[in-house]
Amino acid sequence: MRKIFIMVKQVALEAWKAAAMAAAASGFLLLCLLSKQAIGAPVKISETLEAVRNRGTLVVGVKTDYPPFGQLNSKGEPEGFEHDLAADLAKRLGVGLVKVPVSGANRLQKLEEGAVDVVLATMGDTADRRRIATLIEPNYYSSGVTLLLRPEQKVKDWVDARGKKVCAIQGSYFNRPMAQRYLLELMMFNNARDAKLALRDGQCIGYMFDNTAIQSDLLRPEWAQYKAPLPPAIVAAWAIGIAKREQGSELEEALSDVVADWHRTGFILEREKAWDLPQSKFLLEAKVLWNSEDDDVRPLCRRGVDRQWPAACRNQAFVLAADVSGLRSLGLWFREMTSFDLTVVYDTYDRGRFLKGLIQSLMLIALCVAGSLAVGVLGALIAESRWRALARLIRALGIYGRMTPPLLQMYLLFFGLGALAWAYSSVTLSALVIAVWCLSYYTGSSIMFALIHAADHERETRPDFVLRLANIREVIGIAEGPVIAALVNVSKGTMMASAIAVPELLSAATAIMTDNGNTGVMMHVLLVVFLVLMAACVRLLSWLVKRIELPHQASSTGQQAPAQEQGAKP
Amino acid sequence: MIVQDIFSTLWIWTPFLLAGFGWNVLIALLAMVLGTALGAALALMRLSRFKAIERISSVLTELSRNVPTIVFQFYLAVMLPSQILIPGINWMLDIPGWVKASLALAVAVVGFTSDNLHKSISDWRAGRHSTALLFLPSWTSFLLIIVIASSTASMVGVSELVSRCNAVINAVGDTRLLIPIYLYASLFFLLFCYPLTLAMHRIKARMAARLPAQGGSR
């Protein structure tokens, strides 16, 4: 055993060395590439900017069908929040403005073929779009998902909407995560009109869509009494777009400086107010961020030697390993190299959830081990006592506990007894207590019979032997094998508690998977963590039982006592 | 719902529940067959003359003891595809959910078989044939443990007894049925496992009694 352990340790050490060398090598390579880029980079000349200056106008793609961001006024002239921003852009570049109406479907195409210089048209900042266009950071606005609520609804936050019927449009990317995260019951419609009709007919409590679109709906008289009080969920930032080839050019830098100045001066907040948009948290936070200073009383958000904004002022979704330091950098680097997204390591929120789950699991294991030992020892003492009737009852209960699945017992207590308790005394039963009890009852019954068998075995040589508190440690010594096996099993079984919503490691991992979509990675992490945990448990429990037990006196017969069902159980 | 109603509801759903329990037994049997085959291979390897093979087997046995079945079941449910193309003969092999549950449970059987059969084979080779045969009742007792453990397959959506209980509760829509139906389901397990356990204990005792007195140590 020891030899194997040493061997495994050596193999692990070798693997670790190799991995560290590979990491160092690729890290060095990355550093070389980056420093080359950083030093040798005067700003790239922009073809687009030269053309703009030559013709004296900036051509901006804007929306005209998305009030109040872009709309046509009563005279048929285009206007709106984004139109004001476009006008300011042209003014700062010292040229005239030409506006070209674009749609969600053609805006990037028009950019690529040069029909427009800039797109400023309610465009979300996504990785897919970054592949075909250059998106300007900082982002200038953001939107999320909210509910357009019927007038009589009193829903105040997302938790209140849990289990309620909500009208939604098929194919929206946010349907699934919203339904999972907030447990909404979605009624799917083919288009916005049908969904809104259903809302009007009272088929659902609200209509789920992008909050900025809902804000513009609210401006119309037909939705006069309706409201949208819920904070936007699944928030996506909006970005100005320019052509892909303009990446790192003078134009990108100029536009980026303009947006940064919009945040610093509050110009954009002021325009938002002018168009009657509700004050967005995103803009308020951006204003604070872009006006904050570092320890040397210099602006926190200023360009570094590589002409980039610091990581803290960037869109966090697109920050690369090279832009940040510490654990986060290591995690992102690993993701870029292996497409293994270890959010549990580098993401503070996920790491917190995972650790909480781990602590809960460790606590469950400790409680179940203690509970099983207590149930087993107490049961065995009573079963061997003089009170015949009680002893019989305990043996019968032990047989029942041992022969029925603990999962079934958990359901029985949690849902069955829980419903009764709530109906008659409005008491809620703790899921944790129920889980610990059921697992302890099941395992404790096994331990009880192992102890009784050990006592039976002892009676073969000492006919007057009776199990008592005084000799219990000795009997545990005889039944050592089955007792340790039972305790290891209950440690493995604690994951069952996730079935009744105890927030242990399995539940935590499942939640992280659904949020990030990194199912494969999380599954591997979970399995490895549990393997390590169980290996530790096996060692710890053997040590613990060896501490509890007393060496057996009649050594010749005792050692090979009831060796039934040893080894791994599920 | 008065008592009579509860009994008649349980009676109506009994065939459905019994079929569910059939799945539990099937899952457990498949797990035992697969696990015993692999475990037997490991047990033989542990008795090998070559140190390396013996070590590999010990490490694998240790590993299979440490795998938590429930997590492994989730792992297989998510990571293992539901269909696998067998290369060469161009044939799609279906892997339904219950087979994945069996595979997860089989890991626990591997550890059990490797440990117990290893001892039995040594006994057999040393001429203690009747001691070696004690493996059979132990194996059956372990089958019962796996039948009980197979209820966790409900957590990955296999329609066995426990998940069928929940299905019945949803279909009937009466929360007063909760306690009776779970108790009823636990009786299935009890009535299946208890007689077999008693029988195995008796067989084991009889086999042990026939052992030659001096060869008592295993």
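We now turn to the structure provided with this report. (Residues numbered from 1 in each chain as written. Chains lettered and ligands numbered in written order. Predicted model: local features only at pLDDT ≥ 70, side-chain atom pairs only at ≥ 80, totals over all residues. Heavy atoms only, no water.)

For interface size, the figure often reported is the accessible area lost on association. The partner chain A presents 50 residues to the 49 residues of chain B that form the contact. Carbon and sulfur atoms make up 77% of the area that chain B and chain A hide from each other, which totals about 4,400 Å². When the area that chain B buries against chain A is broken down by residue, the three leading residues are Asn66, Val71 and Tyr182 of chain B, summing to 13%. Where chain B meets chain A, there are zero salt bridges. Joining chain B to chain A, the criterion identifies three residue pairs in polar contact (both at pLDDT 80 or more). For the side of chain B that touches chain A, the secondary structure elements donating two or more residues are helix H2 (51-66), helix H3 (69-79), helix H4 (97-125), helix H6 (135-149), helix H7 (161-172) and helix H8 (178-209) of chain B. A per-element tally of the side of chain B that touches chain A places H8 of chain B first, with 13 residues. Residues that form the side of chain B that touches chain A fall into these classes: 30 nonpolar, 13 polar and six charged. (Contact = heavy atoms within 4.5 Å. Buried area = accessible area lost by both parts, 1.4 Å probe. Salt bridge = Lys/Arg side-chain N within 4 Å of Asp/Glu carboxyl O. Polar contact = N/O pair within 3.5 Å; in protein donor to acceptor, adjacent residues only side chain to side chain. Helix = DSSP H or I, 4+ residues; strand = E, 2+ residues; numbered from the N terminus. Nonpolar A, V, L, I, M, F, W, Y, C, P; charged D, E, K, R; others polar.)

Residue and element names in this part refer to chain A. In total, this model carries two disulfides over all chains according to the counting rule given. The disulfide that involves Cys167 links it to Cys204, with 1.9 Å between the sulfurs. The S-S bond linking Cys167 to Cys204 shows a torsion near -100°; that makes this disulfide left-handed. Placement of the pair is Cys167 in strand E8 (residues 165-169) and Cys204 in the loop between helix H7 (192-200) and strand E10 (206-210), with a sequence separation of 37 residues. By relative accessible area, Cys204 is classed as buried at 4%. With a sulfur-sulfur separation of 1.9 Å, Cys301 is cross-linked through a disulfide to Cys313. An S-S torsion of about -90° defines the bridge between Cys301 and Cys313 as left-handed. Separated by twelve residues along the polypeptide, Cys301 in the loop between helix H11 (281-291) and helix H12 (326-338) and Cys313 in the loop between H11 and H12 bring together distant segments of the chain. Sequence-ordered numbering of the bonded cysteines in chain A gives a disulfide pattern of 1-2, 3-4. (Disulfide = S-S within 2.5 Å. Buried < 20%, exposed > 50% of the residue type's maximum accessible area, 1.4 Å probe, protein only.)

Right, let's get into the side chain of Thr494 of chain A. All names here are of chain A. Summarising the element assignment, Thr494 is placed in the loop between helix H19 (480-493) and helix H20 (505-516). By relative accessible area, Thr494 is classed as buried at 2%. If we ignore the near neighbours within four places in the chain, the residues touching Thr494 are Leu364, Ile365, Cys368, Leu439 and Glu504.

Read these as layout, nothing more, since geometry by itself doesn't imply function.
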